[in-house]
Structures are given as structure tokens and as C-alpha cells.
Amino acid sequence: MNEVEIKLRKNILAKNEEIAAHLRELFAQHRLMVINMLSSPGSGKTTLLEKTARAVGHTLAIAVIAGDLQTERDAIRIRNAGAAATQINTGRGCHLSARMVADALPNVDLDAADVLFIENVGNLVCPASYDLGEDLAVVLASVTEGDDKPAKYPTAIHKADLIVLNKIDLAPYTNFSAERFRLDVRKIKPTLDVLEISCTQGAGLQSWFEWLKTKVEQKQALH
Ligand SMILES: Nc1nc2c(ncn2[C@@H]2O[C@H](COP(=O)(O)OP(=O)(O)OP(=O)(O)O)[C@@H](O)[C@H]2O)c(=O)[nH]1
Ligand SMILES: [Mg+2]
């Protein structure tokens, strides 16, 4: 990057921080827990949200903003699972920005929801640099991506408040080492928990629901 590009990027990020701060204030006023979901394409973000909506949607009002370059497919899947969902199409954009989230908010009932998930565009690079006013960031990894991803994408690991490791049902068919994965995570952020799950077979999902419930209760108790 040359000097002009660096300055431009700094300005864009500063503007994003400003809007994110407004969003954070707005979410706090509504006592809404907001979770930014980051992952590579296809790690299972939408599947996890579908499972969550079906399993705990009757006790926890879930709203989702789903970001993809094209199509409304993820929002449709989530609505079919019983949660409110709004789709953002970024066109060629590799991440959601605070401005995009702000523009989508008229479609989200902030009073009705207990938790708002923001399913970011699938990649571990750009979404790690853009604050969306969220309370927490969850990085969803999956065993089919390989165990070297934390070491290769440390910015996303730094941003994360929880790592969810999905598709553990497929571990026997790969050379994935949960030990290597956890070791690299620990090197980058020693306090970070790794929660192993299988969306298709259900392993670990109960722990995910409990983590989520605790976080929502903590947010609601703040005011
Ligand atoms: N075997 C297995 N497959 C899974 C699991 N979770 C999700 N999948 C499959 O993985 C594929 C991708 O899942 P999605 O939920 O669409 O992934 P995503 O992260 O939302 O993808 P993008 O929005 O495109 O980035 C689908 O075919 C899912 O059925 C799992 O735990 N085990
Ligand atoms: Mg998806």
C-alpha cells in the first residue's frame, strides 16, 4: 500500500468506528445482545443460526442480518427456521460495514429481539477489521478448512470472544488436529475458548445455547 492508500484506509476505518459507536449506543438502549459471526465461506454460520432458531427461538427472540455478495438465500433459510432475518447484498464487498448495518436496521425490530446475529460475509480477512457495534464476535471455524487457519488469520482470532469449531463429525475423514488448532489459538489469544460442535449431529450445541443464553442475560442485566 502506498501513502495515499494507507491514509484512505485509515479514514474509512475511522468513519466506520464512528458509526459503530452510534450503533453500540443504540443497541445498548434496546438492551440487545449483538453478535458478529465471522468465518470462511461455508463453515456453517447459517446452519448454526438455523439450529439455534429452531432449538431456542421459542425462549429467545432472535433476529439476523445476513451479509453475502449476492442472493437472499441465507435470510430465507433463517426465516424458514423461525427467526426474523434481513439480507444485505454487498455486491463485490468482502465485508459488512457499520454503515451497511445501520442502513439495514429499519428492517430489524430492535425492541422485539433479545439477540441480533450479524452473519458477516464469508472470509476471515476484511470482516476482522470492521467494527459493527457488536458486543461480541464469534469466529466459526470448521474442521474441513484445516487446523492451520488460526495461525494464518490471527486478526480474526484477536477479534473473537469465542471460537466455535464446527463439523467435528467430519474429523475422522480429515487430518485435522484439534490439539494443533487449540495450541495456535492459545498462542494468539490465551483466554479464548474453543467450543467444538457438529451442527448436523448436534454435538456441543447445548453448550453453545447455554453460552448464548448467559451472554444475553448478562446484557439484559446491565440496565
Ligand atoms: N458435515 C457437516 N456439514 C455441515 C455442518 N454444518 C454445516 N454443514 C454444511 O456445510 C455447508 C455450508 O453451510 P452454511 O451454513 O451454508 O455455511 P455458511 O458459513 O453460512 O456459508 P456462507 O454464508 O456461504 O459463508 C452446508 O452444506 C451445511 O449443510 C456440520 O456440522 N457437519
Ligand atoms: Mg451463510
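The present account deals with the structure reproduced in this document. (Residues numbered from 1 in each chain as written. Chains lettered and ligands numbered in written order. Predicted model: local features only at pLDDT ≥ 70, side-chain atom pairs only at ≥ 80, totals over all residues. Heavy atoms only, no water.)

Right, let's get into the coordination of the magnesium ion (ligand 2). Each protein donor to the magnesium ion (ligand 2) is listed here as Thr46 (OG1), Asp74 (OD) and Glu119 (OE); together their distances run 2.0 to 2.1 Å. Counting gaps between the donor residues of the magnesium ion (ligand 2) yields the pattern T-x27-D-x44-E. Of this pair, aspartate 74 sits in helix H3 (residues 73-80) while glutamate 119 sits in strand E4 (residues 115-119); the two residues are 45 residues apart in sequence, bridging distant segments of the chain. According to the relative accessible area criterion, glutamate 119 is buried, its value standing at 2%. (Donors = N, O, S within 2.8 Å, 3.2 Å for Na, K, Ca; no water. Helix = DSSP H or I, 4+ residues; strand = E, 2+ residues; numbered from the N terminus. Buried < 20%, exposed > 50% of the residue type's maximum accessible area, 1.4 Å probe, protein only.)

Across the sheet, which stays open at both edges, the seven strands sit in the order E3-E2-E4-E1-E5-E6-E7 with parallel pairing between neighbours. The sheet is open, and its two edges are formed by strand E3 (84-89) and strand E7 (194-196), each paired on a single side. If you compare each strand with its neighbour and ignore which way they point, the axes differ by 20° on average. Each of strand E1 (33-39), strand E2 (62-68), E4, strand E5 (136-142) and strand E6 (162-166) is contacted by helix H2 (residues 45-56), which is oriented at about 145° to E1, the strand it contacts most. (Pairing = 2+ DSSP bridges. Axes fitted to C-alpha atoms, helices over the stretch in contact; angles between N-to-C directions. Contact = heavy atoms within 4.5 Å.)

Across the chain, the bulk of peptide bonds are trans and the bulk of non-glycine residues have phi less than zero. Residues other than glycine seldom take positive phi values, yet arginine 31 does so here, at roughly 50°. Taking relative accessible area as the criterion, arginine 31 reaches 37% and is therefore assigned partly exposed. A positive phi angle, near 65°, is found at lysine 167, a position not held by glycine. Here lysine 167 is to be found in the loop between E6 and helix H7 (178-188). Classification of lysine 167 by relative accessible area gives partly exposed; the value is 22%.

It is worth spelling out the site of ligand 1 at this point. In the vicinity of ligand 1, 20 residues are found, and the nearest of them are Lys45, Thr46, Thr47, Asp169 and Cys199. Within the side chain of threonine 47, one N or O atom sits 2.5 Å away from an oxygen atom of ligand 1. Here an oxygen atom of ligand 1 and a side-chain polar atom of aspartate 74 are 3.0 Å apart. Going through the elements one at a time, H2 and H3 are the ones with two or more residues in the shell around ligand 1. Sorting elements by how many residues they give to the shell around ligand 1 places H2 first, with three residues. For the shell around ligand 1, the residue count by class is three nonpolar, 10 polar and seven charged. (Near = heavy atom within 4 Å. Polar contact = N/O pair within 3.5 Å; in protein donor to acceptor, adjacent residues only side chain to side chain. Nonpolar A, V, L, I, M, F, W, Y, C, P; charged D, E, K, R; others polar.)

Inspection of the sheet shows E2 paired to E3 by six bridges, in the parallel sense. Note on E3: the bridge partner recorded for alanine 66 is glutamine 87.

Next up on the list: the environment of serine 142. In this structure, serine 142 sits in strand E5. In this structure serine 142 comes out as buried when scored by relative accessible area, which is 2%. It is 4.4 Å that separates the C-alpha atoms of serine 142 and asparagine 166, two residues lying 24 residues apart in sequence. For serine 142, the residues in contact, after removing those within four places along its chain, are Ser43, Leu165, Asn166, Lys167 and Phe176. In terms of polar contacts, serine 142 uses its side chain to reach the side chain of glutamate 145, at 2.7 Å.

Applying the stated criterion to the full structure yields 14 salt bridges. A salt bridge links arginine 77 to aspartate 74; the shortest N-O distance between them is 3.7 Å. Here aspartate 74 and arginine 77 lie together in helix H3, a separation of three residues that amounts to about one turn. Lysine 213 is paired through a salt bridge with glutamate 217; the nearest N and O atoms lie 3.6 Å apart. Here lysine 213 pairs with glutamate 217, and both are found in helix H8 (residues 205-220), just four residues apart, close to one helical turn. Overall, lysine 213 belongs to the partly exposed group, its relative accessible area being 46%. On the basis of relative accessibility, which here comes to 43%, the residue glutamate 217 falls in the partly exposed class. Among the charged side chains, a salt-bridge network with shared partners connects Glu50, Asp74 and Arg77. (Salt bridge = Lys/Arg side-chain N within 4 Å of Asp/Glu carboxyl O.)

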